[in-house]
Amino acid sequence: MSAEAADREAVSGSRPCTPPQASWFEFLLDPSLLEQHLRGLHPDPSPVQLIVQFLEQASKPSVNEQNQVQPPADNRRNRTLKLMALKVAAHLTWDLNLLEKGLTIPVLNMLLNEFLCVSRVPPGVKHVDLDLSTLPPTTAMAVLIYNRWAIRTIVLSSFPEKQTKPGPHQLNMMSLVQQEKELTENILSVLREQATDSITVLEGALNIKKDFYIHTLRSLDLLAADPSTANGETESSTAGLRISADHLHCQVHYDLGGIYFQQGCSDPSVYEKAKEHFRKLDSSASLCCVDEQRLAGYWSACKTLTETSDPGESQHTPYGQISCFMRNHDYGAFIRDNVTLSLPHSFRHSIQLELLHKLQQGDRALEEVCHKLCVCNAVRDALEGGVLGVSFHQLLIKPSKNTISFLLEVCTRSLDKEHRSETSKRKMAIFIKTVCNRLEDVSLAFMVSSHKLFMELLQDEEKKILMEQMRKSSATVNLSAKPLPSFYDIPASTSVNISQLEQQLILSLDPRHIRQILIELHGMAERPFWRVNSKWEVPVDYVNVILAIKDNLTRDLVYILMAKGLHCISIKDFAHARQLFTACLELVTEFSPKLRQVMLNELLLMEVRGHEAGAAEGNMERPPPDLVSRVRGYLEMRIHDLPLRQIVGEECVVFMLNWRENEYLTLQVPQSLVNSNPYIKLGQLIASTCKELPGPKESRRTAKELWEVVVQICSVSSQHKRSSDGRVSLLKQRESSMGILASSINLQYDFGLQEPLVLTTLISLFVRLHNIDDIVNEVTAEHISIWPSSLANLQSVDVEAVVVTLKELVNYALSLNPNNQSWLCTQADIYFVTNQYSAAMHYYLQAGTVCSDYFTKPVPPDVYTDQVAVLCQFLREVDYMTAFKALQEQNSHDSMDSFYDYIWDVTILEYLTYIHHKRGESDKRQVAIKAIGQTELNSSNPEEVLQLAAQKRKKKFLQALAKLYF
């Protein structure tokens, strides 16, 4: 199989093209496509995205002849769009979990109001006044779904954080964002006013024992076809999906329990009602789609808050043990959790903050409790490899002897004696060493250093260094020093504390922790803390926008989160990068549409690099359709006055090339975009050229266009300057309208081109450019015939830049696939024409090894070209002139004498005998005579014997030669 065929097979087998994304109007033109689309494995757009698009189009206001904005028209088009949105929700079986996760509150409110309308819910009548038992089953079910959503939305809106969800507005326009925010608040206000009615409706539904029915795609089609007939059918329950009473009651119990639990904050007696609903649900949770983990949390919390739980029972769960701690201040649960790591980190620290709040309100009895809980949490942080909190560092400023004694006890009990791993022991050793270094009281430091854990876990060299430091400290301790500030009183200005916090700021990758540290630092001193670490860098394109933020704390936080995120991407720590960028996105969304779009662009670049990094490591799974759509969206984006990093556009085009998105690049991308966006223009040319390979001559128009673009960029008239390392700056050019080409070819960034056929095409192009300039020392490559064979303005081409680019491109390609025969031969030719014969031999042999299974099969005759002596026998017509010329060299260093046994051509061996006799080299002449005297080389032998002898010597010679070079 040729390298081209192998490339094509790899491409077709691992990277099929992503189908074009369906548009909403296609379903409007042909409604039958909707059901087919929804049945797909990964429909793009997804169901919730379709709902947003349909309702967005149906709710667009119209403009009359007087240019006045009018409400959306009630016409057939808009009614059809609304019906299709309902059909998509019906396809999702009206699953509120899915709908709430994917839709904003205004969109879901619009959808469910349409659902009430189509389900024949009497208009103008309060739901609480309806008798559900007498309504048609689908009508009653619509009322229940709406009221379930109402109380669920009230509960979800009370949470401190909400996920950002796609809405029908343009995300980059602040005014529309603000409008949606106000609309959401208005809807929530109405839902809260009607909460009592919604609860009453749902409580009443629990008394209905008959099954319910809900609209499906079929029943909605019937309604659209003939409302009067369909209504009778849905009333008789023949067209809807049956929902059992038990299943519905299960969902209602869960939702009522949630709203009662939420109301318990203002009326603790309501917790009993919540507990009762969760109790009824406990045995039947599997009947409906509820979050069983959250249900368990609700149940545990209700038992604790109502103080009716069995003390013995509570000891069996971690949360029950924490409840006992809150009543009795028993730290055993926290210490045991340091071994099991079952409680969430945030939960433990929230308890610490709650107690700290009570202490600051004047409950001084809790001071020791807070100290000990802080120690337990610090040990947990250390065992998880986390950053120690500011509170713990403050505690170590002036701890009591009892605090240090308790700390050592917690350390001892937190290490599982039976299953302690080397990792946990090492983390504990680092923690103990940190404590020793932080303690200013030498007696307390010696207390730690004399403990058995110190002796067991620290290495001898570490113990020696620490002990020496403590001795020096004990000799210089200042006994008249002023009292240090207390644990909870953050000093107004203390340089040592600021430096400690700045160190924490440098080390932390937790966005919440970073924000907490910055708040404390700004409370101590008002200065730009984004300058703390000189290695924190953000792209120059964004610096002015970030530094223009007026609030100093916000400016520091945005700058540091972005800088840390970019650093994490550079070391391929994509998990932390995603956390930092997401936190930054949430922050800037509140005040800057421009920075919001900047963060969306950086998140896209991170996702692209993350996927390409996985591909480089062997994960050839195609990128999700959502990522491909976002890349397309970025390339087509046109927002005025938005700072854009050129590297984002470059890598988006490279991403499309790597994953063979040729349909988009060659056919779907708008022509106006091709003309205005150099990245897409280049991507289209490369994709079209690859698509047409090998192709007839008349199909090489795009290859010629790509050739002309490259020649233009390689032109000396572009006045490229040399950089400090001697390279021609076209390789790093960013100013040219086609600067993307330079970046793609020189691969100045880590996640460059990886598609074999694209790399082969670019190598071929630069090889042709090289050969036109140097017709004597030609280099070989695949598909070289598709390029023009001459160049009118050859003098204008910067030959040095072409050579450097070609070398770097081939080196990069071989770093991705060191077994590509075509690339190996090209690399060997490059070394050969530059007189680097040893390196050339290495790559020629490697190319032969690849195509012959380490020379166990014949090497294809086109692999080896003009080589000396023994290799001259490999040619179709033995090159005697070159061989004889090489054998005449007396000052060669090619160890030719040791390879006489591998020569099978008798004419060459006879010439060797003659030349050694002429020179008087009798020993070498005898070696040659012995080689020519082997019976299998006798010219009288049958042709089969001679061929076998040649193949045997070829194999042994090449294997021996390979051992010298590999």
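Residues numbered from 1 in each chain as written. Predicted model: local features only at pLDDT ≥ 70, side-chain atom pairs only at ≥ 80, totals over all residues. Heavy atoms only, no water.

Trainee: Looking at this structure, I do not really get the overall build of the chain. What am I missing?
Mentor: A tally of regular secondary structure across the chain gives 47 helices and 4 strands. Expressed as a percentage of its 966 residues, the buried residues of the chain come to 48%. Taking all contacts inside the chain whose residues are at least 6 apart in sequence as the whole, residues at least 24 apart take part in 67%. Carbon and sulfur atoms make up 52% of the accessible area of the chain, which amounts to about 47900 Å² in all. (Helix = DSSP H or I, 4+ residues; strand = E, 2+ residues; numbered from the N terminus. Buried < 20%, exposed > 50% of the residue type's maximum accessible area, 1.4 Å probe, protein only. Contact = heavy atoms within 4.5 Å. Areas by Shrake-Rupley, 256 points an atom, 1.4 Å probe, with all protein chains shown as cover.)

Trainee: Any chance you could explain unusual backbone geometry here in plain terms?
Mentor: Trans is the prevailing form of peptide bonds, just as negative phi is the prevailing case for residues other than glycine. Positive phi outside glycine occurs at R660, with the angle close to 55°. With respect to the secondary-structure elements, R660 resides in the loop between α34 (646-658) and α35 (662-668). The backbone of H783 shows a phi angle near 60°, a positive value even though the residue is not glycine. Assignment of secondary structure puts H783 in the loop between α40 (756-773) and α41 (799-816).

Trainee: Is there a simple way to think about the packing of aromatic side chains in this case?
Mentor: Pairs of aromatic rings are described using the distance from one ring centre to the other and the angle between the two planes. Summed over all chains, the structure comprises 12 aromatic pairs. Plain terms: the ring middles of Y254 and F278 are 6.4 Å apart, the flat faces sit at 65° to each other, and that makes the pair edge-to-face. In this pair, Y254 is assigned in helix α13 (residues 245-263) and F278 in helix α14 (residues 271-282), connecting sequence segments 24 residues apart. The exposure class assigned to Y254 is buried, which follows from its relative accessible area of 12%. (Phe/Tyr/Trp six-rings, centres within 6.5 Å; stacked < 30°, edge-to-face > 60°.)

Trainee: I'm lost on the packing of helix α18 (residues 332-340) against helix α22 (residues 401-414) in this one. Help?
Mentor: Packed helices, taken two at a time, are described by the angle their axes make and the gap between the axes. In contact at an axis separation of 8 Å, α18 and α22 are set at 45° when each is read in the N-to-C sense. Between α18 and α22, the angle is such that the two are oblique. Judged by the sense of rotation from one axis to the other, the crossing of α18 with α22 is right-handed. Here G332, I335, N338 and V339 of α18 lie close against α22, whose contacting residues are V410, R413 and S414. (Axes fitted to C-alpha atoms, helices over the stretch in contact; angles between N-to-C directions. Parallel < 35°, antiparallel > 145°, perpendicular 65-115°, else oblique. Left-handed = near helix turned anticlockwise from the far one by under 90°.)

Trainee: Would you mind going over the pattern of salt bridges with me for this structure?
Mentor: One pass over the structure, following the stated rule, counts 25 salt bridges. Two residues, K433 and E462, come together in a salt bridge whose shortest N-O distance is 3.1 Å. Placement of K433 in helix α23 (residues 422-438) and of E462 in helix α26 (residues 460-476) is noted, with a sequence separation of 29 residues between them. When the shortest N-O distance is used, the salt bridge between R527 and E502 registers 2.7 Å. Of this pair, R527 sits in the loop between α28 (511-524) and α29 (540-547) while E502 is found in helix α27 (residues 495-507), placing the two residues 25 residues apart along the sequence. Residue R527 is classed as partly exposed on the basis of its relative accessible area, which comes to 38%. Connected through salt bridges with shared partners, the residues E100, R148, R152 and D255 form a single ionic network. (Salt bridge = Lys/Arg side-chain N within 4 Å of Asp/Glu carboxyl O.)

Trainee: Is there a simple way to think about the packing of helix α30 (residues 552-570) against helix α32 (residues 593-616) in this case?
Mentor: For the pair α30 and α32, interaxial distance at closest approach is 11 Å and the crossing angle is 15°. Between α30 and α32, the angle falls in the class roughly parallel. α30 and α32 meet at a crossing whose hand is left-handed. Counting all contacts with α30, which are made through M562, L566 and I569, the residues of α32 involved are V598, M599, E602, M606 and R609. The residue inventory of the contact of α30 with α32, partitioned by class, reads 6 nonpolar, no polar and 2 charged. (Nonpolar A, V, L, I, M, F, W, Y, C, P; charged D, E, K, R; others polar.)

Trainee: Hey, could you run me through empty space enclosed by the protein in this one?
Mentor: Unoccupied space between atoms shows up once a probe the size of one water molecule is rolled over them. A complete count under the given rule lists 6 cavities of 30 Å³ or more for this structure. Empty space within the largest cavity amounts to approximately 60 Å³. Taken together, V390, H393, Q394, N497, Q500, L501 and Q504 form the lining of the largest cavity. Sorting elements by how many residues they give to the lining of the largest cavity places α27 first, with 4 residues. (1 Å grid on protein atoms, 1.4 Å probe; cavity = no way out; pocket = protein on both sides within 12 Å on 5 of 7 lines; lining within 4 Å. Points joined across faces, edges and corners; volume = space filled by probe spheres on them.)

Trainee: When you look at helix α10 (residues 195-205) in this model, what are you seeing that I'm missing?
Mentor: The α-helix advances 3.6 residues per turn, and as a result positions three or four apart in sequence lie on the same side. Within α10, burial applies to A195, S198, I199, V201, L202 and A205. The buried residues of α10 occupy an angular sector of 160° when the element is viewed end-on, so they sit on one face. (Arc of directions from axis to C-beta.)

Trainee: Mind showing me how you'd approach the nonpolar core here?
Mentor: One broad trend across soluble globular proteins is that nonpolar side chains are buried collectively. Grouped together as the largest cluster of nonpolar side chains are 115 residues, with contacts concentrated most on I546, M562 and L769. Setting aside anything within four residues of it in sequence, one finds L769 in contact with W707, V710, V711, C714, L791 and V802. Membership of the second largest hydrophobic core comes to 83 residues, among which are V118, I187, L191 and L223. (Core = buried A, V, L, I, M, F, W, Y, C linked by side-chain atoms within 4.5 Å.)

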